[in-house]
There are 2 protein chains.
Amino acid sequence: MTNSCVRDLYCPKCEKRYPSGEPHQLCTCGAPLLVAYDLKRAANTLSKSSLTSRAPTLWRYSELLPVQNPANQISFGEGMTPILPMNRMGEDIGIDQLLMKDEGLIPGGSFKSRGAAVGVSMAHELGIEEIAMPTNGNAGAAWAMYAARAGIKTHIVMPVDAPIVTRKEAYICGADLHLVNGLISDAGKIVGRAVKKYDWFDVSTLKEPYRIEGKKTMGYEIAEQLNWQVPDVILYPTGGGVGIIGIYKALKEFQEMGLLDPSKMPRLVAVQAEECAPIVTAFQKGESESEFWPESKTAAFGINVPKAIGDFLVLDAIYETNGTAIAIDDPTLLAEQRMIAETEGTFICPEGAATFAAARQLRHEGWIERHEQVLCLNTGMGIKYPETVDPDVPTLQPEDDL
Amino acid sequence: MTNSCVRDLYCPKCEKRYPSGEPHQLCTCGAPLLVAYDLKRAANTLSKSSLTSRAPTLWRYSELLPVQNPANQISFGEGMTPILPMNRMGEDIGIDQLLMKDEGLIPGGSFKSRGAAVGVSMAHELGIEEIAMPTNGNAGAAWAMYAARAGIKTHIVMPVDAPIVTRKEAYICGADLHLVNGLISDAGKIVGRAVKKYDWFDVSTLKEPYRIEGKKTMGYEIAEQLNWQVPDVILYPTGGGVGIIGIYKALKEFQEMGLLDPSKMPRLVAVQAEECAPIVTAFQKGESESEFWPESKTAAFGINVPKAIGDFLVLDAIYETNGTAIAIDDPTLLAEQRMIAETEGTFICPEGAATFAAARQLRHEGWIERHEQVLCLNTGMGIKYPETVDPDVPTLQPEDDL
């Protein structure tokens, strides 16, 4: 057995509680369920010193993960992605300590693998044999990978416009893959009908409680890798919002366990695309939920989510941390992507590039100050979006000279 | 200063020695130079116990790397890639302990980053400002990334048929990129003329001594991750051959330092493509060098190298370890790639898949026995070769049902 200190599940909206150890989807009130731990017990074994000798994967935080039997951990070695100083970009933007946590350095090249690792492991532990999900691409690819390793059958529906690479990843891993001539919201409706018809387990964003448990490990790692300090600001590209919700949950858990100073929480920034900015609009109006964003589109395909089921949790995390929400247009984020590659050597995804554009704008507005430590979350590799780069290069004959 | 124990450089052919701390290319006799260390001194600080608390990157082996000043380490967090059990594949092939070291989990998604990390760091330390190289794609992409971070200008020539993704990576990182209507050998000739003309530093495979020092860290990691044992067999996809030469060098260094049992060396297997198999042919004839392979071609583009400058070192490593060399045809390695994805959930590159096909064949022939521990080196992510997967998937309308 692992040393998991999972206690039970709870609804953050109506506070109803559910036992762990059995399959759950949404709360009866329609809200996503979250996982609660016995944090006092967890603190007995998960300490700053005990962590130093643990393997560099997200499973190092096993007390705060739901998996009970190590044999059910489906793993490709995910986690402990590097935090890189981005000094040239920081100088250009006017931020003395600009950092990037690089989630490109994870199996499949996208942060979605964290959610898939824990989500699939739990599905495996609970004896689930068939899962279904809508996806903007990367999550489907990641869940297909982990499910293949677990021997679980995966049904995936993704927009025809989703990145082609993710289609190929899901396909080669043996997923039952369908495209839809529409958005992720359309894919979600098709999956919603199918899971009822076939009795598949629905692993849509936040419709099962464990994806977020995988993603929250980004928060644990940030704290540990920055030597038990937190940055002043964390910028996160926000579609479904599980990353930002997860980081917020993780930091609060570490605070409660005495691993982090409870008086300092980073200001969390949700970064969206200008043509898909439901969270930004809700934030600007001071609302607690977002409205469906019609005809959304962006080159940062992973954040093309017109209405997130966890929107109220994202907005809560922003309000509680004195954070903000900001939208970036496509030409700006693509220009930033290129500048980051040229100056820092990292080819990051458009979603990640949007966080740098956001940091630049927030610094310009004075919301971020020069001396603050700012961490941008890059959620994936640039090579998953080859269409964002169109090289114009000469072709030589063997006898030609440079 | 780092605790580098570099002593000097030596020619493995004519034994001439060169001082470290200044730029070197080939030996005057035309052979590649290798780096020698004071292994006794290194063993004082690099021990099994001292390693446990070091960061999970290849820089943990700094005693056995040439970089003198930590400020010159150009890093994206490369190294300590996972070793995964491949139980379903092992069962299918008939090998009880089949392992894969997954070099997809590295910046840029290819093992080439190891060579680039140490090669570019050394170029930076030596004050080199402009480098040039021919490449089959991944090495060029990796060197472009690291060089961008170091502020070094990179000139790259790659075949028009090299994977498109690598072209985009090199381009977005600001490399001066040219394609050639030919093979890497043609690209090499163009670069050879250019470096003379413009006085650029030539970082072609083994023409500078430090790329191999980065790649050898795979060998250190295998030893450390397998708890200071070595596998019975290591299979490596072999083009330029630096990986296999590096692993052999690393294991010998660890043996000499007392970290590994000197009586057991893994049998090293060079895996090539059937239509580009110069090392295999040379091995079968018992030769010490290979001959140029005309009109070579393979879907495993990274090993499309018709004549490797370090061929004699590869062959030496094979002979010395009672290893072998084997060629796999394209349909076989592509079928293996798909089976690995479906059964294990890992979408690996065609070169990596070739090593599993080779393990299967060698097991069938009895050269590998069931009880032996066998490690396949996957040199990169499958998504760098999207053209190897061609999904045939249905497109739905939003009102359609599954």
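Residues numbered from 1 in each chain as written. Chains lettered and ligands numbered in written order. Predicted model: local features only at pLDDT ≥ 70, side-chain atom pairs only at ≥ 80, totals over all residues. Heavy atoms only, no water.

The name given to chain A in an unreviewed UniProt entry is Threonine synthase, and the organism recorded there is Salisediminibacterium beveridgei. According to UniProt, the comment filed for chain A under the heading Cofactor (unreviewed entry) is "pyridoxal 5'-phosphate". (UniProt positions renumbered as here; feature names shortened; annotations may be inferred.)

### Observations concerning the sheet that holds strand 11 (residues 267-273) of chain A
Residues and elements named next belong to chain A. Overall, mixed pairing links the six strands, which are arranged 4-5-13-10-11-12 in an open sheet. A single partner strand is all that each edge strand has here, and the edge strands are strand 4 (83-85) and strand 12 (324-328). The mean inter-strand angle of the sheet, taken between neighbouring strand axes irrespective of direction, is 25 degrees. Examined bridge by bridge, strand 11 and strand 12 share five bridges and lie parallel to one another. Counted as the bridge partner of Gln 272 is Ala 327 from strand 12. Running at roughly 135 degrees to strand 12, helix 11 (residues 278-285) makes contact with strand 11 and strand 12 of the sheet. (Pairing = 2+ DSSP bridges. Helix = DSSP H or I, 4+ residues; strand = E, 2+ residues; numbered from the N terminus. Axes fitted to C-alpha atoms, helices over the stretch in contact; angles between N-to-C directions. Contact = heavy atoms within 4.5 Å.)

### Things to note about the packing of helix 9 (residues 217-225) of chain B against helix 10 (residues 242-256) of chain B
Residue and element names in this part refer to chain B. The N-to-C vectors of helix 9 and helix 10 enclose an angle of 50 degrees; their axes lie 6 Å apart at closest approach. In terms of orientation, helix 9 and helix 10 fall into the oblique class. The interaxial crossing formed by helix 9 with helix 10 has right-handed handedness. Across the interface between the two elements, Met 218, Gly 219, Tyr 220, Ile 222 and Ala 223 of helix 9 pack against Gly 243, Ile 247, Ala 250, Leu 251, Glu 253 and Phe 254 of helix 10. Across the contact of helix 9 with helix 10, the residue classes break down as eight nonpolar, two polar and one charged. (Parallel < 35°, antiparallel > 145°, perpendicular 65-115°, else oblique. Left-handed = near helix turned anticlockwise from the far one by under 90°. Nonpolar A, V, L, I, M, F, W, Y, C, P; charged D, E, K, R; others polar.)

### As for the nonpolar core
The nonpolar side chains of a soluble globular protein tend to be buried, and buried together. In terms of nonpolar packing, the biggest core is built from 276 residues, with A:Leu235, A:Phe254, B:Leu235 and B:Phe254 touching the most fellow members. Once residues lying within four places of it in the same chain are set aside, the contact partners of B:Leu235 are B:Val269, B:Val271, B:Thr355, B:Ala358, B:Ala359, B:Leu362, B:Val374, B:Leu375, B:Cys376 and B:Leu377. (Core = buried A, V, L, I, M, F, W, Y, C linked by side-chain atoms within 4.5 Å. Buried < 20%, exposed > 50% of the residue type's maximum accessible area, 1.4 Å probe, protein only.)

### Some points on the UniProt feature "domain: Tryptophan synthase beta chain-like PALP" (unreviewed entry) in chain A
UniProt marks residues 74-380 of chain A with the feature "domain: Tryptophan synthase beta chain-like PALP" (unreviewed entry), using the numbering shown here. Counting secondary structure, residues 74-380 of chain A comes out at 44% helix and 17% strand; the distance between its end C-alpha atoms is 20 Å.

### Overview of helix 6 (residues 164-172) of chain B
One turn of an α-helix holds 3.6 residues; hence residues three or four places apart share an orientation. With seven of its nine residues buried, helix 6 of chain B lies for the most part within the structure. Regarding helix 6 of chain B, the residues found buried are B:Val165, B:Thr166, B:Arg167, B:Lys168, B:Glu169, B:Ala170 and B:Ile172. Where helix 6 of chain B is buried, its residues meet helix 13 (330-344) of chain A together with helix 5 (138-150), strand 7 (153-159) and strand 8 (176-180) of chain B. B:Gly174 sits one or two residues past helix 6 of chain B and shows a positive phi near 85 degrees.

### Details of the pattern of salt bridges
Tallied over the full model, the rule gives 46 salt bridges over all chains. A salt bridge links B:Glu336 to B:Arg360, with the nearest nitrogen and oxygen atoms 2.7 Å apart. Here the residue B:Glu336 occupies a position in helix 13 (residues 330-344), and B:Arg360 occupies one in helix 14 (residues 350-364), the gap between them amounting to 24 residues. Judged by relative accessible area, B:Glu336 falls into the buried class, the value being 5%. One salt-bridge network, held together by shared partners, links A:Lys101, A:Glu103, A:Arg114 and A:Glu221. (Salt bridge = Lys/Arg side-chain N within 4 Å of Asp/Glu carboxyl O.)

### Here's the deal with the interface of chain B and chain A
Note: interface size is frequently given as the accessible area lost on complex formation between the parts. In this complex, chain B contributes 70 residues to the contact, which on the side of chain A involves 70 residues. In this assembly, chain B packs against chain A so that about 5900 Å² is buried in total across both faces, 64% of it on carbon and sulfur atoms. Taken as a group, B:Arg149, B:Ile172 and B:Leu402 account for 14% of the area that chain B buries against chain A, more than any other trio of residues on that side. Run the count over chain B and chain A and you get four salt bridges. A:Arg193 is paired through a salt bridge with B:Asp401; the nearest N and O atoms lie 2.6 Å apart. The tally of links between chain B and chain A comes to 32 residue pairs in polar contact (both at pLDDT 80 or more). Every element with two or more residues in the side of chain B that touches chain A is listed here: strand 4 (83-85), helix 5, helix 6, strand 8, helix 7 (184-198), helix 13 and strand 14 (395-396) of chain B. One ladder, built from two bridges, connects strand 14 (residues 395-396) of chain A with strand 8 of chain B; its direction is parallel. Counterpart to A:Leu396 in the pairing with strand 8 of chain B is B:Val180. (Buried area = accessible area lost by both parts, 1.4 Å probe. Polar contact = N/O pair within 3.5 Å; in protein donor to acceptor, adjacent residues only side chain to side chain.)

### Notes on the packing of aromatic side chains
Residues and elements named next belong to chain A. If you walk through the whole model with that rule in mind, you get 16 aromatic pairs over all chains. Ring geometry for Phe 111 against Tyr 236: centres 6.0 Å apart, planes inclined by 70 degrees, an arrangement best described as edge-to-face. Of the two residues, Phe 111 is situated in the loop between strand 5 (97-102) and helix 4 (112-125) and Tyr 236 in strand 10 (residues 233-237); the sequence distance between them amounts to 125 residues. The two residues Phe 111 and Tyr 236 agree in class, both being buried. Arranged with centres 4.4 Å apart and planes meeting at 20 degrees, the rings of Tyr 220 and Phe 254 form a pair that is stacked. (Phe/Tyr/Trp six-rings, centres within 6.5 Å; stacked < 30°, edge-to-face > 60°.)

### What about the side chain of A:Ser113?
Note on placement: A:Ser113 falls in helix 4. The contacts of A:Ser113, once residues within four sequence positions are left out, are A:Ile106, A:Pro107, A:Ala142 and A:Tyr146.

### Let's talk about the relation of the copies chain B and chain A
Structural alignment of chain B on chain A gives an RMSD of 0.0 Å, achieved by rotating through 180 degrees and translating 0.0 Å along the axis. Look at the turn and shift together and you get a two-fold axis relating the two. Among all C-alpha atoms of chain B, that of B:Leu105 lies closest to the rotation axis, at 3.0 Å. (Least-squares fit on C-alpha atoms with pLDDT ≥ 70 in both.)

### Overview of the packing of helix 5 (residues 138-150) of chain A against helix 6 (residues 164-172) of chain A
All names here are of chain A. Running from N to C, helix 5 and helix 6 cross one another at 20 degrees; their axes reach a closest spacing of 8 Å. As judged from the angle between their axes, helix 5 and helix 6 are roughly parallel. Once helix 5 is placed against helix 6, the crossing between them reads as left-handed. On helix 6, the residues touching Asn 138, Gly 140, Ala 141 and Ala 144 of helix 5 are Thr 166, Glu 169 and Ala 170. Residues of the contact of helix 5 with helix 6, tallied by class, amount to three nonpolar, three polar and one charged.

### Details of helix 5 of chain A
Relative to the 18 Å expected for 13 residues at 1.5 Å per residue, helix 5 of chain A spans 18 Å between its end C-alpha atoms, a close match to the ideal helical length. Burial analysis of helix 5 of chain A places 13 of its 13 residues in the buried class, which makes it a mostly covered element. (Expected span 1.5 Å × (residues − 1).)

### Looking at the environment of B:Ile234
All names here are of chain B. Relative to the elements of secondary structure, Ile 234 occurs in strand 10 (residues 233-237). A relative accessible area of 2% places Ile 234 in the buried class. Between the C-alpha atoms of Ile 234 and Met 218, which are 16 residues apart in sequence, the distance is 11 Å. Ignoring any residue separated from it by four or fewer positions in sequence, one finds Ile 234 in contact with Ile 222, Ile 247, Pro 266, Arg 267, Leu 268, Val 269, Leu 375 and Leu 377.

### Brief notes about the pairing of strand 13 (residues 373-378) of chain A
Residues and elements named next belong to chain A. With respect to burial, strand 13 is a largely interior element, six of its six residues being buried. Taking every second residue as pointing to the same face, both faces of strand 13 are buried, with Gln 373, Leu 375 and Leu 377 on one and Val 374, Cys 376 and Asn 378 on the other. Across six bridges, the pairing between strand 5 and strand 13 is parallel. Within strand 13, the position partnered with Asp 102 by the bridge is Asn 378. Bridge count between strand 10 and strand 13: three bridges; the pairing is parallel. Residue pairing across strands places Val 233 opposite Val 374, the latter belonging to strand 13.

### What about the environment of B:Glu91?
Positionally, B:Glu91 belongs in helix 3 (residues 87-93). B:Glu91 sits 279 residues away from B:Arg370 along the chain, and the two C-alpha atoms are 9.7 Å apart.

### Some remarks on the pairing of strand 10 of chain B
Residue and element names in this part refer to chain B. Of all five residues making up strand 10, five are buried, and the element is well covered by its neighbours. Burial along strand 10 is two-sided: Val 233, Leu 235 and Pro 237 facing one way and Ile 234 and Tyr 236 facing the other are all buried. Sheet analysis places strand 10 next to strand 11 (residues 267-273), joined by five bridges and oriented parallel. In the sheet register, Leu 235 faces strand 11, and the bridge partner there is Val 269. Chirality of the crossover, the property in question, places the unit of strand 10, helix 10 and strand 11 among those that are right-handed. (Right-handed = clockwise from strand over helix to strand, strands pointing away.)

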